[in-house]
Amino acid sequence: MTSRKNRAAVVTGASSGIGEATVRRLTADGWRVWAVARRQDRLEQLGEETGAVPVALDITDDDGVARLVRDVTEAGGIDTLINIAGGARGADWVADARIEDWEWMYGANVIGSMKLIRAFLPMLRTHGEGTVVNLTSTAALVAYEGGAGYNAAKAAQRAMTRALRLEEVENNVRVVEVLPGMVQTEEFALNRLGNEEAAEKVYAGVEKPLTAADVADVIAYAVSVPHHVNLDEIVVRPLAQAAVHKVVRRR
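Everything numeric here is computed off the predicted structure, so don't read it as measured data. (Residues numbered from 1 in each chain as written. Predicted model: local features only at pLDDT ≥ 70, side-chain atom pairs only at ≥ 80, totals over all residues. Heavy atoms only, no water.)

### Describing the packing of helix α4 (residues 99-127) against helix α5 (residues 148-168)
Close contact between α4 and α5 brings their axes to 8 Å; oriented N to C, the two are set at 15 degrees. Relative to α5, the element α4 is oriented roughly parallel. Along this stretch, α4 crosses α5, giving a crossing that reads as right-handed. On α5, the residues touching Trp102, Met105, Tyr106, Asn109, Val110, Ser113, Met114, Ile117, Leu121 and Arg125 of α4 are Ala148, Gly149, Tyr150, Ala152, Ala153, Lys154, Ala156, Gln157, Met160, Leu164 and Glu168. Across the contact of α4 with α5, the residue classes tally to 14 nonpolar, 4 polar and 3 charged. (Axes fitted to C-alpha atoms, helices over the stretch in contact; angles between N-to-C directions. Helix = DSSP H or I, 4+ residues; strand = E, 2+ residues; numbered from the N terminus. Parallel < 35°, antiparallel > 145°, perpendicular 65-115°, else oblique. Left-handed = near helix turned anticlockwise from the far one by under 90°. Contact = heavy atoms within 4.5 Å. Nonpolar A, V, L, I, M, F, W, Y, C, P; charged D, E, K, R; others polar.)

### Examining the pattern of salt bridges
Under the definition given, this model contains 14 salt bridges. The partner of Asp71 in a salt bridge is Arg70, and the shortest N-O contact between them spans 3.2 Å. Judged by relative accessible area, Arg70 falls into the partly exposed class, the value being 44%. Connected via shared salt-bridge partners are Arg158, Arg162, Glu177 and Glu233. (Salt bridge = Lys/Arg side-chain N within 4 Å of Asp/Glu carboxyl O. Buried < 20%, exposed > 50% of the residue type's maximum accessible area, 1.4 Å probe, protein only.)

### Digging into the sheet that holds strand β6 (residues 174-180)
Taken together, 7 strands build an open sheet; the order of strands is β3-β2-β1-β4-β5-β6-β7 and the sheet is parallel. Edge strands, defined here as strands with exactly one partner in the open sheet, are β3 (53-56) and β7 (233-236). In this sheet, adjacent strand axes meet at a mean angle of 15 degrees when their direction is disregarded. Pairing of strand β2 (residues 32-37) with β3 involves 4 bridges; the strand directions are parallel. (Pairing = 2+ DSSP bridges.)

### With respect to α4
Taking 1.5 Å of rise per residue, the 29 residues of α4 would be expected to cover 42 Å, and the 40 Å separating its terminal C-alpha atoms lies within 8% of that figure. Considering bend angle alone, the principal kink of α4 is centred on Phe120 and spans about 45 degrees; proline Pro122 follows within four residues of it. Immediately downstream of α4, the backbone of Gly128 shows phi near 100 degrees, a positive value. (Expected span 1.5 Å × (residues − 1). Bend = angle between axes of the 7 residues up to and from the residue.)

### Considering the environment of Lys115
Inspection of the secondary structure assignment puts Lys115 in helix α4. Using a relative accessible area of 15% as the deciding quantity, one classes Lys115 as buried. When the C-alpha atoms of Lys115 and Glu168 are compared, they prove to be 16 Å apart, with 53 residues separating the residues in sequence. In this structure, Lys115 is in contact with Ile59, Thr60, Asp62 and Val65, ignoring residues within four places of it in sequence. Of note is the side chain of Lys115, whose polar atom sits 3.0 Å from the side chain of Asp62. (Polar contact = N/O pair within 3.5 Å; in protein donor to acceptor, adjacent residues only side chain to side chain.)

### Quick word on the nonpolar core
Within the largest apolar cluster, 31 residues are counted, with the highest numbers of intra-cluster contacts made by Ile18, Val23, Leu26, Val178, Val215 and Ile219. Put simply, the parts of the chain that give this core at least two residues each are β1 (8-12), α1 (17-28), β2, α2 (40-50), β5 (131-135), β6, α8 (212-224) and β7. Tallying contributions element by element places α8 first for this core, with 7 residues. Look past the residues within four positions of Ile219 in its chain and what remains in contact with it is Ile18, Thr22, Ile82, Ile84, Leu135 and Val178. Within the second largest apolar cluster, 25 residues are counted, among which are Val10, Leu121, Met123 and Val175. (Core = buried A, V, L, I, M, F, W, Y, C linked by side-chain atoms within 4.5 Å.)

### Here we look at the pairing of strand β4 (residues 80-83)
Of the two faces of β4, the one carrying Thr80 and Ile82 and the one carrying Leu81 and Asn83 are both buried. Sheet topology note: the β1/β4 ladder contains 3 bridges and is parallel. Within the sheet, the bridge partner assigned to Val11 lies in β4 and is Ile82.

### Re empty space enclosed by the protein
Scanning all chains against the criterion turns up 1 cavity of 30 Å³ or more. The computed volume of the largest cavity comes to approximately 80 Å³. Lining the largest cavity are 14 residues, with Arg89, Gly90, Asp92, Trp102 and Met105 positioned closest to its centre. Counting residues per element, the ones that place at least two in the lining of the largest cavity are α4 and α5. (1 Å grid on protein atoms, 1.4 Å probe; cavity = no way out; pocket = protein on both sides within 12 Å on 5 of 7 lines; lining within 4 Å. Points joined across faces, edges and corners; volume = space filled by probe spheres on them.)

### Concerning a nonpolar patch on the surface
Residues Leu141, Val142 and Val235 make up a contiguous nonpolar surface patch of roughly 210 Å² in combined accessible area. For Leu141, the location among the structural elements is in the loop between β5 and α5. Judged by its relative accessible area of 39%, Leu141 is partly exposed. (Patch = residues over 30% accessible without salt bridge, like charges linked within 9 Å, V, L, I, M, F, W, Y side chains within 5 Å. Areas by Shrake-Rupley, 256 points an atom, 1.4 Å probe, with all protein chains shown as cover.)

### Topic: unusual backbone geometry
Phi is positive for Asn172, which is not a glycine, with a value near 60 degrees. Locating Asn172 in the fold gives a position in the loop between α5 and β6.

Take a look at the structure:
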């Protein structure tokens, strides 16, 4: 493992779920972390508990991203960018697709990640051993009924990640993609489906779905191995989920 001393990262999606767990894990390991999300109150609490720097902004907002880069630069910069912000909205079939849901998913998962990457690449290149982590999903690998919008957004984010790896290898920028399967968090299924009953059915009978901390552990490992080691693509699922269509439900 490389030393965590003087390591610094921007983590998006930090107000809940995998983003919050990643901030907690990295700060516990001694990293300096800028925790980025839209909800100021949650970020301030997270900052108080972990020492992370809270930054409230919408990652699709150009002015907000520019301010973030300026503040990070003035504070000494980062070597790692971790794009976790994103999510799913709706479970409609294509015939009933809601434009606003598709536009939100593409903006949050693809455009937002692109804007952060574009903004921080000069810094990561200059550092000499920069790393970008994009959190996509197994939804990028296998399509399913009712998932077309999320499948499309995550597949686009995955394609961007793979192209970025090719483009930045000569700049010694390491590009990692983490593709989680079933992860039970406080908000993901609820935000997607709109009510607690529907959200609970997603995990019904699954004894041990992944937790946000499980995925954060994977991310922390990927960014802490020696820089010449690139974990290009990491698919992580709970044991009970052998594939998107194969989930063991015992209760």
